[in-house]
Amino acid sequence: MRRLLFVALALGLAGCSAVGHWRQAAGGHLGILRASRPVADWLADPATPPDLAQRLQLTQQMRDFASRQLALPDNNSYRRYADLHRPAAVWNIVAAPEFGLTLKTWCYPIMGCAGYQGWFDRAEADAHAAELGAEGWEVQVQAIPAYSTLGWSRWLGGDPLLNTFVRYPEGELAAMLFHELAHQRVYLSDDTAFNEAYASAVELLGAREWLAGRPEALAAFEAGRARRAAFLQLAREGRDRLQAVYEGAAEARAAGKAAVMAELRERAVREAPGYEGWFQRANNASFAILSAYSDLVPAFERLFEREGRDWPRFHSAVERLGALSREQRREALRVAPR
């Protein structure tokens, strides 16, 4: 239990002033660990459905590839599997002001500060989100298929594969594993945007390497990412326009915000098919957390090219950036490739 406490703290799901939050974090993570069994056990079990066995075998090939080809940690993470009998691993609360795009942050021991708070129970997440809404925050509760313990749970069997993502299309399954393993390679305690963009770049570049030689799966992956790129372009435009509204006259903000959101919802049908629902539900928190995951990804892709597409060199370069201040990191990432 002492080790579990340490893992819960590392997860960023526990706060010193929120005993209830810590309790659900520790209990939730322990529940996942108890539900997990080694992949080898699942494969040897005649009751394991054939399609699940095939996916588990594929994940082990991806897991080996991640360490061998992408220089990601070689440990016991994703060597076990758990069926949680629910659609998400955790539910994250994200919040932003009514007329602002800066995420509310929560600070935790070891992990530092992050722009989200995770709950293992959807009803509890909704209840705490409602409390924030009553305080005037714009809030979203997002279903999250996986989370990383940043390598701390290796003492307890490592982060497991989960039913929440194991049946993703091949490219997206590889991307998920590579993203979470990237958090174990580099993670800064004070920079959510840096951490998530780095891991998002690793997932994209790594998935493309994994799919090289699998033309059909690669084509499907690229088509999905092209649709996502169109969505991100429209979302960034909307965010920038909202920011301009919020920096303008106070008396015009509510009307200006409503006009921008109405236009985005109308344009999404044509310009971001498949993402109409996101724009229907979107609020300031949605735009703010999306920025954290996507804005710096092109800069990390350029850094990968600058380091000769060499994975160990790339990760080392990212680690060196971690020693800089936040402002220095952003400046270094803006440097043009050689």
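Relevant structure appears above.
Source: prediction; values computed, not measured.

S.K.: What am I meant to see in the overall build of the protein chain here?
M.R.: Summing up its helical and strand segments, the protein chain has 14 helices and eight strands in all. Here the protein chain holds 338 residues, and the buried ones make up 52% of them. Per element, the accessible surface of the protein chain, about 15,100 Å² overall, is 54% carbon and sulfur.

S.K.: How should I be thinking about the sheet that holds strand β1 (residues 37–38) in this particular structure?
M.R.: Each strand in a sheet pairs with its neighbour through backbone hydrogen bonds, running either in the same direction (parallel) or in the opposite one (antiparallel). Taken in spatial order, the three strands of this open sheet run β1-β2-β8, and their pairing is mixed. At either margin of the open sheet sits one strand with a lone partner, and together these are β1 and β8 (161–162). Looking at chain direction, β1 and strand β2 (residues 80–82) are connected through two bridges and run antiparallel. Pairing of Arg37 across the sheet is with Tyr81, part of β2.

S.K.: Hey, could you run me through the packing of aromatic side chains in this one?
M.R.: Two numbers describe a pair of aromatic rings. These are the distance of the centres and the angle of the planes. Taken as a whole, this structure holds 17 aromatic pairs when the rule is applied. Of the aromatic side chains, those joined through ring pairs into one cluster are Phe194, Tyr198, Phe300, Phe304, Trp311 and Phe314. Positioned above the aromatic ring of Trp42, the side-chain terminus of Arg37 is 4.1 Å from the ring centre.

S.K.: Explain the environment of Glu170 to me, please; I cannot follow it from the model alone.
M.R.: Among the secondary structure elements, Glu170 is positioned in helix α6 (residues 170–185). Here the alpha-carbon distance between Glu170 and Ala207, two residues 37 residues apart in the chain, equals 8.9 Å. When near neighbours in sequence (up to four residues on either side) are disregarded, Glu170 contacts Arg55, Leu58, Met62, Trp210, Leu211, Arg214 and Ala217. Only 2.9 Å separates the side chain of Glu170 from the side chain of Trp210, close enough to count as a polar contact.

S.K.: Is there a simple way to explain the sheet that holds strand β7 (residues 138–144) in this structure?
M.R.: The strand order across the open sheet built from three strands is β6-β3-β7, with neighbouring strands paired in antiparallel fashion. Every other strand in the sheet has two partners, leaving β6 (117–119) and β7 as the edge strands with one partner each. Across the sheet, the mean angle separating the axes of adjacent strands is 25 degrees when strand polarity is ignored. Pairing between strand β3 (residues 90–96) and β7: seven bridges, direction antiparallel.

S.K.: So what exactly am I meant to see when it comes to the side chain of Ser36 here?
M.R.: With respect to the helices and strands, Ser36 occurs in the loop between α2 (19–35) and β1. Overall, Ser36 belongs to the buried group, its relative accessible area being 5%. At a separation of 2.8 Å, a polar atom in the side chain of Ser36 contacts the main-chain carbonyl oxygen of Leu33.

S.K.: Got a minute to help me understand helix α4 (residues 50–69) in this structure?
M.R.: In an α-helix, one turn spans 3.6 residues; hence positions three or four apart end up facing the same way. Helix length check: α4 (20 residues) gives 28 Å between terminal C-alpha atoms against 28 Å at 1.5 Å per residue, within 8%. Listed in full, the buried residues belonging to α4 are Leu52, Ala53, Arg55, Leu56, Leu58, Thr59, Gln60, Met62, Arg63, Phe65, Ala66 and Ser67. Looking at the packing, one finds that the buried side of α4 touches α3 (39–44), β2, β8, α6 and α7 (192–211). Backbone geometry just after α4 places Ala71 at a positive phi near 55 degrees.

S.K.: Sorry, what's going on with unusual backbone geometry here?
M.R.: Peptide bonds are mostly trans, and most non-glycine residues show a negative phi. Of note, the phi angle at Ala71 is positive, near 55 degrees, even though the residue is not glycine. With respect to the helices, strands and loops of the structure, Ala71 is situated in the loop between α4 and β2. With a phi close to 65 degrees, Tyr78 is a non-glycine residue in the positive phi region. Topologically, Tyr78 is positioned in the loop between α4 and β2. On the basis of relative accessible area, Tyr78 is assigned to the buried category, the value being 1%.

S.K.: Could you clarify how one ought to interpret the nonpolar core in this entry?
M.R.: Side chains that are nonpolar tend, in soluble globular proteins, to be buried together. If you look at the biggest cluster of nonpolar residues, it comprises 61 residues, and the most contacted ones within it are Phe165, Phe178, Phe300 and Phe314. No other element matches the eleven residues that α7 contributes to this core. Ignoring any residue separated from it by four or fewer positions in sequence, one finds Phe300 in contact with Phe194, Ala197, Tyr198, Ala201, Phe314, Val318 and Leu333.

What counts, and where the lines are drawn
Residues numbered from 1 in each chain as written. Predicted model: local features only at pLDDT ≥ 70, side-chain atom pairs only at ≥ 80, totals over all residues. Heavy atoms only, no water. Helix = DSSP H or I, 4+ residues; strand = E, 2+ residues; numbered from the N terminus. Buried < 20%, exposed > 50% of the residue type's maximum accessible area, 1.4 Å probe, protein only. Areas by Shrake-Rupley, 256 points an atom, 1.4 Å probe, with all protein chains shown as cover. Pairing = 2+ DSSP bridges. Phe/Tyr/Trp six-rings, centres within 6.5 Å; stacked < 30°, edge-to-face > 60°. Lys NZ or Arg CZ within 6 Å of the ring centre and 35° of its normal. Contact = heavy atoms within 4.5 Å. Polar contact = N/O pair within 3.5 Å; in protein donor to acceptor, adjacent residues only side chain to side chain. Axes fitted to C-alpha atoms, helices over the stretch in contact; angles between N-to-C directions. Expected span 1.5 Å × (residues − 1). Core = buried A, V, L, I, M, F, W, Y, C linked by side-chain atoms within 4.5 Å.

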